[in-house]
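# Tertiary structure, described
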Amino acid sequence: QVQLVESGGGLVQAGASLRLSCVPSGRTFTSYSMGWFRQAPGKEREFIAAITWSGGLILYADSMKGRFAISRDNGKNTLYLQMNSLKPEDTAVYYCAAAQARLTRTLGAYDFWGQGTQVTVSS
């Protein structure tokens, strides 16, 4: 099993920016795809974006294009999610996950999940 730890969440006002980080336990993820998801209370977990470690290919959910940006630092084994122009609708627990696949938005493909970090956006 792989352990993932998210950080960077918090309480911000609408229009603010946040940068989330995800750090694995220490194992290399060369053949993995890394993804960001979010889940608001009472709602299904929602795909945000994914990136492959080796090739840097990126896949975004259509609704996330523009304001959110995914990136990774292979040397630091760290995944990032830059979030700009945050809205109250963005309030959710944000999760990072790892999949043994090149690139996918399918939740079932992700084998490992972090504990999540809370993002709350006030009006």
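Bear in mind that the values here come from a model prediction, so they are computed numbers and not experimental data.

## Structural notes on the overall build of the protein
Scanning the protein from N- to C-terminus turns up 0 helices and 11 strands. The linear arrangement of helices and strands in the protein, starting from the amino end, is β-β-β-β-β-β-β-β-β-β-β. Computed over C-alpha atoms, the radius of gyration of the protein comes to 13 Å, within 12% of the 14 Å expected from 2.2 N^0.38 for 123 residues, which places it in the range of a compact globule. With the C-alpha coordinates of the protein rotated into their principal frame, the extents come out at 40 × 25 × 25 Å. Counting all 123 residues of the protein, 44% fall into the buried class.

## Some details on the sheet that holds strand S8 (residues 78-83)
Picture the strands of a sheet paired through backbone hydrogen bonds; they go either parallel or antiparallel. One open sheet accounts for 4 strands, arranged S1-S3-S8-S7; its pairing is antiparallel. Looking at the sheet topology across the chains shown, the edges are occupied by strand S1 (4-7) and strand S7 (68-73). Between one strand axis and the next, the sheet turns by 20° as a mean value, whatever way the strands run. The pairing of strand S3 (residues 18-24) with S8 spans 5 bridges and is classified as antiparallel.

## Remarks on the pattern of salt bridges
The final tally for this structure, using the stated rule, is 4 salt bridges. The salt bridge partner of Asp 62 is Lys 65, with a shortest N-O separation of 3.5 Å. Both residues of the pair, Asp 62 and Lys 65, count as exposed. One salt bridge in this structure joins Asp 90 and Arg 67, with 2.8 Å as the shortest N-O distance. With Asp 90 in the loop between S8 and strand S9 (92-99) and Arg 67 in the loop between strand S6 (58-60) and S7, the pair connects residues that are 23 residues apart, well separated along the chain. Among the residues examined, Asp 90 registers a relative accessible area of 1% and is labelled buried. A cluster of three or more residues bridged by salt bridges with shared partners is formed by Arg 38, Glu 46, Arg 67 and Asp 90.

Rules of the game
Residues numbered from 1 in each chain as written. Predicted model: local features only at pLDDT ≥ 70, side-chain atom pairs only at ≥ 80, totals over all residues. Heavy atoms only, no water. Helix = DSSP H or I, 4+ residues; strand = E, 2+ residues; numbered from the N terminus. Rg over C-alpha atoms; globule rule 2.2 N^0.38 Å. Buried < 20%, exposed > 50% of the residue type's maximum accessible area, 1.4 Å probe, protein only. Pairing = 2+ DSSP bridges. Axes fitted to C-alpha atoms, helices over the stretch in contact; angles between N-to-C directions. Salt bridge = Lys/Arg side-chain N within 4 Å of Asp/Glu carboxyl O.

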